[in-house]
Amino acid sequence: MNIDEIFKIPAIPTGRNKRKMPSTPSMDFFDKFKDTEEGGEPSQKRHQPDEPAGEEEAEASFDPVEDDEEGGRFFGGGLTSEQTDILDLVDQYDAEETEALTANSVKKMILKFEKAISKNQEMRVRYAEQPEKFMESEADLDEEIKNLLCLTEAPELYPHLVKLGTVSSLLSLIGHENTDIAIDTIDLVNELIDEDVGTTEDDLERSEQVQEALKMFVESMLENELLQLLVQNLNRLDEKEEADRQGVFKTLGIFENIMSLDPKYAETIALKTDALPWLLNRIQSKSFDANIAYASEILSILLQENRDIRLKVGELDGVDVLLRALSIYRRKDASSEDESEMVENFFNSMCSLLNEIENKNRFLEAEGIELMVIMLKEKTLSRIRAVKVLNYALSGEEGRERCVRFVDVSGLKYLFPLFMGKGNKKLKKSHSSAFSESEDEEHITCIILSLLRNLRQEDVQRMRVILKFTEDDYEKVDRLIEMKDQYEKKDNQVKQELAEAQRSLSPEDYEEYEADFYIRRLNAGLFILQRVCLLIAVLSEESEGVREKAIMLLKRQDEDMLSVFKLIEEETALIADFVYLKNMAKGIHQ
């Protein structure tokens, strides 16, 4: 007899926000419930499907005259009296279930749950070699676990689970010998802390009471080593089995739900368990499935804020692992929307890692720059995100070696066509949701500035960057002036809106409107505008031909170089940046 077959559970859900409907009561339940309500004994038998009802019963089940009256077939929904009785019983059942969620009823549920655990443990010890004899206790335990799912409708009662010591009993089942019991326990924990628990369609925010109850429950589970138990359990699950695949998916769901409750828990997951090695191993799978996609998302979330986590992932060869995962998509796009989301997670994780200088060096050693340059040649999602990764990789201090490598592997050959906007129409058409022209221009201008910051005057690579702006009758200087004009118009429009608001709004409303003025300018492209002006100014210091071309083009718009410096001077950091770049052009290394 195969016990595992008894506890099979549904396949992995396709949606992330998954709420289960309660099981529909059986017909036996209706009979029992109805007879009990009437004070009689539960009915022992119903009509079998092959037993035709008598003529009198058939006539009684449908009366055309009676059904045509008010409340009948046309006014009452077309239900027979038996169907109406069944719906009434369902309503009563739901009402009683809702009323049952009180402190006392929770205590009764917990008592039954604890008894089921004790009984199962006792039977397993007594009949260790005879599974058929502890099978019934296993089924009872499985049922009691599922019964606790109703607590999701009253999360404010979670503190009772803590006070009654239920948390340790519950978590002990994650290591149960029957993996189906363990998976059902994981499912229960996942549902109890799901992001939708404590919210309604009308109010998506949890009340303060529910928030505190959830935190108390989660803290108690963490104290009882929930995370360590989950990671240990991951290593024994076989994803070739459908139920085990779902167990992995729901384990990752617990990680996400805990971090959404409070981001500080990310450090606990990453640094106090072996979750990171498992995640890095999982994303190396060459075949796509729901679990590798979810693992990539959890890794991306973990890397967002914490330096220690980013360093640990780097020490675990995370940079190399991500480069290998991304190399699959260097010349092709993902085949589905979910797979594209996974690739986005890989790129986001890489950018997070590159916030640390230690990982930038690992990126260089792992030939990450070469892989990104290969991606620049294609018209794929990887091309769009490779520009962003290169921006992170080449920026910052001690970037000279990385910038030299970028130029030496023909990075300029593929970067400057992108700077000129070549291929953008095709990218907009094929990747409209992923491609943003302004974001692309921001990353490209920042890469060029990083090259000018880090390459010294005596470096031949720096000269190659400058020469790019003199090619084809200084067409790239034309492009800089065009970008300045484009983003300056957007910036002036925001300034005009502010002036109009000052005339039309009350002083109090205008003060509130003005507070977001700088944010609106940034959204309109102020950051790019300032970097473009910085490039114009620095290149003009570096090359007389560039300066003459820039002055001539500005004069056509009734402007001069003062308009460029005016925008630079708005931000103190940009002034310092200009001085630094100017000194680099003169061979003064700081």
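Residues numbered from 1 in each chain as written. Predicted model: local features only at pLDDT ≥ 70, side-chain atom pairs only at ≥ 80, totals over all residues. Heavy atoms only, no water.

Points about the overall build of the protein
Move 1: Along its length, the protein carries 33 helices and zero strands.
Move 2: Relative to its full complement of 590 residues, the protein shows a buried share of 45%.
Move 3: Nonlocal contacts in the protein, meaning residues at least 24 apart in sequence, comprise 76% of its contacts between residues at least 6 apart.
Move 4: When the accessible surface of the protein is totalled, it reaches about 31,000 Å², and 47% of it is carbon and sulfur. (Helix = DSSP H or I, 4+ residues; strand = E, 2+ residues; numbered from the N terminus. Buried < 20%, exposed > 50% of the residue type's maximum accessible area, 1.4 Å probe, protein only. Contact = heavy atoms within 4.5 Å. Areas by Shrake-Rupley, 256 points an atom, 1.4 Å probe, with all protein chains shown as cover.)

Looking at the packing of aromatic side chains
Move 1: Across all of its chains, the model carries six aromatic pairs by this definition.
Move 2: With 4.8 Å between their ring centres and 55° between their planes, phenylalanine 249 and tyrosine 294 make a pair best called tilted. With a gap of 45 residues between them, phenylalanine 249 in helix α12 (residues 242–261) and tyrosine 294 in helix α15 (residues 290–302) connect regions that are remote in the sequence. Tyrosine 294 shares its class with phenylalanine 249; the two are buried. (Phe/Tyr/Trp six-rings, centres within 6.5 Å; stacked < 30°, edge-to-face > 60°.)

Side note on the pattern of salt bridges
Move 1: All chains considered together, the criterion is met by 34 salt bridges.
Move 2: A salt bridge links glutamate 471 to lysine 476; the nearest nitrogen and oxygen atoms lie 3.7 Å apart.
Move 3: Classification of glutamate 471 by relative accessible area gives partly exposed; the value is 32%.
Move 4: On the accessibility criterion, lysine 476 (5% relative accessible area) is buried. (Salt bridge = Lys/Arg side-chain N within 4 Å of Asp/Glu carboxyl O.)

What to know about the nonpolar core
Move 1: In terms of nonpolar packing, the biggest core is built from 148 residues, with Leu302, Phe363, Met372, Phe406 and Leu451 touching the most fellow members.
Move 2: The residues touching methionine 372, leaving out its near neighbours within four places in the chain, are Leu323, Phe347, Phe363, Ala386, Val389 and Leu390. (Core = buried A, V, L, I, M, F, W, Y, C linked by side-chain atoms within 4.5 Å.)

A look at a nonpolar patch on the surface
Move 1: Taken together, the side chains of Tyr518, Ile519 and Leu522 make up a nonpolar region of the molecular surface, amounting to roughly 260 Å² of accessible area.
Move 2: With relative accessibility at 45%, the residue isoleucine 519 sits in the partly exposed group. (Patch = residues over 30% accessible without salt bridge, like charges linked within 9 Å, V, L, I, M, F, W, Y side chains within 5 Å.)

Structural notes on the packing of α15 against helix α18 (residues 337–353)
Move 1: One way to put it is that α15 packs onto α18 with a least axis distance of 9 Å and a crossing angle of 25°. As far as their axial angle goes, α18 and α15 are roughly parallel. As for how α15 packs across α18, the hand of that crossing is left-handed. Contact residues: α15 offers Ile292, Ala293, Ser296, Glu297, Leu299 and Ser300, while α18 offers Glu341, Met342, Asn345, Phe346, Asn348 and Ser349. (Axes fitted to C-alpha atoms, helices over the stretch in contact; angles between N-to-C directions. Parallel < 35°, antiparallel > 145°, perpendicular 65-115°, else oblique. Left-handed = near helix turned anticlockwise from the far one by under 90°.)

Some words on helix α11 (residues 226–234)
Move 1: For α11, the set of buried residues is Leu226, Leu227, Leu230, Val231, Asn233 and Leu234. Down the axis, α11 shows its buried residues gathered within 160° of arc, on one side only.
Move 2: Check the buried side of α11 and you find it contacts α8 (166–172), α9 (179–192), α10 (208–223), α12, α13 (265–271) and α14 (275–282). (Arc of directions from axis to C-beta.)

Here we look at the environment of arginine 405
Move 1: Secondary-structure assignment places arginine 405 in helix α22 (residues 400–408).
Move 2: Exposure remark for arginine 405: the relative accessible area of 25% places this residue in the partly exposed category.
Move 3: C-alpha separation for the pair arginine 405 and isoleucine 369, spaced 36 residues apart in sequence, amounts to 7.5 Å.
Move 4: What arginine 405 contacts, discounting residues up to four positions off in sequence, is Leu364, Ile369 and Glu370.

Comments concerning unusual backbone geometry
Move 1: Despite not being glycine, aspartate 317 shows a phi value in the positive range, around 65°.
Move 2: Structurally, aspartate 317 can be placed in the loop between α16 (307–315) and α17 (318–327).
Move 3: Taking the relative accessible area as the measure of exposure, aspartate 317 reaches 51% and is therefore exposed.
Move 4: One non-glycine residue, aspartate 473, adopts positive backbone phi at about 55°.
Move 5: Residue placement: aspartate 473 occurs in helix α27 (residues 471–504).
Move 6: By relative accessible area, aspartate 473 is classed as exposed at 58%.

Considering the confidence of the model for the protein
Move 1: Counting all residues, the mean pLDDT for the protein is 85, and 84% of those residues have values of 70 or more.
Move 2: Residue range residues 1–25 is modelled with pLDDT below 50. Its contacts to residues more than four positions away, or to other chains, number 51 contacts. (pLDDT = per-residue confidence, 0-100.)

Topic: the side chain of serine 543
Move 1: For serine 543, the location among the structural elements is in the loop between α30 (526–542) and α31 (544–556).
Move 2: The buried category is assigned to serine 543, whose relative accessible area is 11%.
Move 3: Excluding residues within four positions of it along the chain, serine 543 makes contact with Ile466 and Thr470.

Details of a negative patch on the surface
Move 1: A grouping of Glu508, Asp509, Glu511, Glu512, Glu514 and Asp516 is seen on the molecular surface, where their side chains present a negatively charged patch.
Move 2: In this structure, aspartate 516 sits in the loop between α28 (507–515) and α29 (517–524).
Move 3: According to the relative accessible area criterion, aspartate 516 is partly exposed, its value standing at 41%. (Lys, Arg positive; Asp, Glu negative; His and termini not counted. Charge placed at Lys NZ, Arg CZ, Asp CG, Glu CD.)

Details of the environment of glutamate 378
Move 1: Checked against the element boundaries, glutamate 378 lands in the loop between α20 (368–376) and α21 (381–394).
Move 2: In this structure glutamate 378 touches Arg330, Arg331 and Arg383, once residues within four positions along its chain are discounted.

Some points on α29
Move 1: Taken as a whole, α29 has its buried residues at Phe517, Arg521 and Ala524. Buried positions in α29, seen along its axis, are confined to an arc of 60° and lie on one side of it.
Move 2: Where the residues of α29 are buried, they touch α27, α28 and α30.
Move 3: Just downstream of α29 lies glycine 525, where phi reads positive at about 115°.

Re the environment of isoleucine 298
Move 1: The topology assignment puts isoleucine 298 in helix α15.
Move 2: For isoleucine 298, a relative accessible area of 0% puts it in the buried group.
Move 3: If we skip the residues at most four places from it in the chain, isoleucine 298 touches Leu252, Phe255, Glu256, Met259 and Leu279.

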